[in-house]
Amino acid sequence: MKYRHGSHNKYKSEYHFVWVTKYRYGVLMGDVGDRVRELVRQTCEQLEIEILRGVVSKDHVHLLI
């Protein structure tokens with residue numbers, strides 16, 4: 001990721017998002033997990049967001065963008 005700058009500043013923003021399933025049920029396995037991964041990638045691509053790191057576990061999703 002490149003640094004962005006204004007007339008008097010320079011910055012680089014990174015955001016860490018975590019989504020957790022209700023009651024941390026392990027439902028993000030197999031086809032469901034693959035579909036979640038695909039949807040996250042498509043959405044980030046449409047919004048021109050760079051995914052630095054990401055993990056889809058059985059009960060949560062981590063994204064560093």
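Below you will find a few notes about this structure. Each chain has its residues counted from 1, running along the sequence as written. Note on the predicted model: pLDDT of at least 70 is required for a residue's local features to be given, and 80 or more for side-chain atom pairs to be given and counted; whole-chain, interface and lining totals, by contrast, use all residues. The side-chain figures draw on all heavy atoms in the structure; neither hydrogens nor water molecules are used.

**Considering the side chain of His-60**
For clarity, the cut-off: Numbered from the N terminus, helices here are DSSP runs of H or I no shorter than four residues, and strands are runs of E no shorter than two. Polar contacts, as counted here, are pairs of nitrogen or oxygen atoms within 3.5 Å of one another; within protein the pair requires one atom able to donate a hydrogen and one able to accept it, and residues that are adjacent in sequence qualify only if both atoms are side-chain atoms. Whether two residues are in contact is decided by their heavy atoms: any pair within 4.5 Å suffices.
Within the secondary structure, His-60 is located in strand E5 (residues 60-64). At 3.4 Å, the side chain of His-60 forms a polar contact with the side chain of His-62. Aside from chain neighbours lying at most four places away, what touches His-60 is Trp-19, Val-20, Arg-24, Leu-28 and Val-55.

**Examining the side chain of Asp-59**
As for its position among the elements, Asp-59 is in the loop between strand E4 (53-56) and E5. Among the polar contacts listed, one links the side chain of Asp-59 to the side chain of Arg-24, at a separation of 3.2 Å. Beyond its immediate sequence surroundings of up to four residues, Asp-59 is in contact with Trp-19, Val-20, Thr-21, Arg-24, Tyr-25, Gly-26 and Leu-28.

**Thoughts on unusual backbone geometry**
Heads up, the condition is: Only protein chains enter the accessibility calculation, which uses a 1.4 Å probe. A residue is then buried if its area is under 20% of the maximum for its type, exposed if over 50%, and partly exposed in between.
Of note in the backbone geometry, Tyr-23 takes a positive phi value of approximately 60 degrees without being a glycine. With a phi angle near 55 degrees, Arg-24 is a residue other than glycine that sits in the positive phi range. Tracing the backbone through its elements, the reader meets Arg-24 in the loop between strand E3 (16-20) and helix H1 (30-46). By relative accessible area, Arg-24 is classed as partly exposed at 45%.

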